[in-house]
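Notes for the structure review
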Amino acid sequence: MLTKTRASDIFERLKKYSTADEVEAYFYGGHSALTRFANNVIHQNVAEQNYGVSVRTVFSGRTARASTNKLDEESLRRVVQASENLARVQQPDADLLPTPTPQERDAANSSKTTPPSRHFAETAAIAPEDRAAGVAKIVNVASRRKLTTAGIYSSSESVEGIFNSRGVADWHTQTSAEISITMLAKDSSGWQKANSPNLANLDPDALADIAARKAIDSAAPREVPAGKYTVILEPAAVLDIVGFMFWDFGGQAILDERSFLNNRIGAQLFGVNINITDDVAHPLQSGAPFDGEGMRRQYVPLVENGVVKRVVYARGTAEKMRKSRFAAKAGMIASTGHGFLLPNEMGEMPVNIVFGEPANPQSVPQMIASTEKGILVTRLWYIREVDPYEKILTGMTRDGTFLIENGKLAGGVRNFRFNESLIHMLSNVEGMGKLVRASGEESFDMVVPAMKIRDFNFTEVTKF
């Protein structure tokens, strides 16, 4: 593994090669491995190790970046030269701030929270034989149930770090393990996925059993008419649909007038039971505690009792917002440690989303028992935006969609296409479950509950 000590030594050499006013280096990489299976057998096992450095140089407001995955002396010299050559021909950016100092970084760290370690020796030590043993458990479940299974089991150990010529030096190491399982029957399917820095949080047997039961219980799916239903979204479905709104929770999106939160910060936008924070220190979260400039990620209350309170900011975006015509309607304006690597056009976004857990969370079976007629959704896919300001999305259900009648599951149904506004959806949440770290396919991992939602709009029935 690339260590902070070695990266610091490399950075000292990068500085010697540079004639720029300021130098910043972002280190990244690690090793990862993937075991892929289909038709109840492993058909692929791959592994990769790669480390790199991305160098940003600054000349009087001109900045540019160049990257390399070769760390020998000549490559380091060339990547600095490439960054400087690019920077010199850029137009000066009047809004470009100097790189932060350790004092600025620490002064901005109002929450003073320290995330737990996200590096686990057991996860880092996963070998191909371990992944194969996990796949064997999954295949065994499929074989016993006369199903066909496919999916992946992956593991990784990664690093990222940032150094600048004003003294910032931060480093993060993390492990990750992920299992995704699809179980296939003649005319139905089931799915489950989980991801965690800690291998102990993944149970291949349990995930396979849930996916298998969904495939079996949704067999011979009926066609029921489209329309508005009470819907129970399992956590993966929740995160994949709500994930489409968090690019809008950034200051640059407000400045560009591409956010659905323009003129809505401080307003009651969702139901009073909706609370959302960005919390890098939450025990179910993952990721580095610093952003693309080395600023500490702050705890940010985004939504409180349905009212949009704040958006997140990179340092430069906060300065621009204070001077803009949007400042009076932007809520609290301050750097929150959510910027991406500079230069970039997107600004920032919250990446450690945690929904609030209700005082009396309900299990999915309890939600089902309290539903006279509705639909249970395992996951959503092929989600696309229809109306960016009303946040209307379209997409489809898959891999376990069930009819609920009289408080019980009444069998599988053909999948639906939906057209639904996130504003409408999060204003109609009737119940929520316990918080879990959820993984999907359309968005990044979040800490979310299952949700029971009234009047969810299904517009048509699919053929499968």
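Here we summarise the structure given alongside this text. Bear in mind the structure is a predicted one, so any value in this text is a computation, not a measurement.

1. Regarding the nonpolar core
- Counting residues in each nonpolar core, the largest one holds 62 residues, and the members touching the most others are I241, V242, M245, F246, F249, F270 and F355.
- Excluding its chain neighbours within four sequence positions, the residues that come into contact with I241 are L233, L380, I383, L393, F418, L422, M425 and F456.
- One finds L2, I10, L14 and F59 within the second-largest nonpolar core, a separate group that totals 23 residues.

2. Focus on empty space enclosed by the protein
- This structure, assessed with the given rule, holds one cavity of 30 Å³ or more.
- Estimated volume of the largest cavity: approximately 40 Å³.
- Counted by class, the lining of the largest cavity contains five nonpolar, two polar and one charged residues.

3. Some words on the sheet that holds strand β6 (residues 189-196)
- Taken in spatial order, the six strands of this open sheet run β3-β2-β1-β4-β5-β6, and their pairing is antiparallel. Edge positions in the sheet fall to β3 (62-68) and β6, since each of these pairs with one other strand and no more. With direction set aside, neighbouring strand axes in the sheet form an average angle of 15°.
- Strand contacts of helix α6 (residues 204-217): β5 (169-184) and β6, with the helix running at about 155° to β6, the strand carrying the most contacts.

4. Remarks on the pattern of salt bridges
- Counting across every chain of the model gives 29 salt bridges.
- E385 serves as the salt-bridge partner of K391, at 2.6 Å between the closest nitrogen and oxygen.
- Residue R398 is joined to D399 by a salt bridge in which the shortest nitrogen-to-oxygen separation is 2.9 Å.
- Assessed through its relative accessible area of 25%, R398 is described here as partly exposed.
- Connected through salt bridges with shared partners, the residues R105, D106, D170 and R296 form a single ionic network.

5. Regarding the pairing of strand β12 (residues 373-387)
- Inspection of the sheet shows strand β7 (residues 227-233) paired to β12 by four bridges, in the parallel sense. Bridge assignment links T230 to a residue of β12, and that residue is G374.
- As paired strands, β12 and strand β13 (residues 392-405) are joined by 11 bridges and run antiparallel to one another. Bridge pairing in β13 places K373 opposite E405.
- Hairpin connection between β12 and β13: a loop of four residues separates the two successive antiparallel strands, and K391 in this loop has a positive phi of roughly 55°.

6. Looking at the pairing of strand β2 (residues 41-59)
- Relative to β2, strand β1 (residues 22-38) runs antiparallel, the two being bridged by 17 bridges. Residue pairing in the sheet places T35 in a bridge with N45 of β2.
- The hairpin formed by β1 and β2 contains two residues between the paired strands, and N39 there has a positive phi angle of roughly 50°.
- Bridge count for β2 against β3 is seven bridges, and the pairing is antiparallel. Counterpart to V58 in the pairing with β3 is T63.
- In textbook terms, the turn of a hairpin is the stretch between consecutive antiparallel strands, and for β2 and β3 this stretch comprises two residues, one of which, S60, has a positive phi near 50°.

Calculation criteria
Residues numbered from 1 in each chain as written. Predicted model: local features only at pLDDT ≥ 70, side-chain atom pairs only at ≥ 80, totals over all residues. Heavy atoms only, no water. Core = buried A, V, L, I, M, F, W, Y, C linked by side-chain atoms within 4.5 Å. Buried < 20%, exposed > 50% of the residue type's maximum accessible area, 1.4 Å probe, protein only. Contact = heavy atoms within 4.5 Å. 1 Å grid on protein atoms, 1.4 Å probe; cavity = no way out; pocket = protein on both sides within 12 Å on 5 of 7 lines; lining within 4 Å. Points joined across faces, edges and corners; volume = space filled by probe spheres on them. Nonpolar A, V, L, I, M, F, W, Y, C, P; charged D, E, K, R; others polar. Pairing = 2+ DSSP bridges. Helix = DSSP H or I, 4+ residues; strand = E, 2+ residues; numbered from the N terminus. Axes fitted to C-alpha atoms, helices over the stretch in contact; angles between N-to-C directions. Salt bridge = Lys/Arg side-chain N within 4 Å of Asp/Glu carboxyl O.

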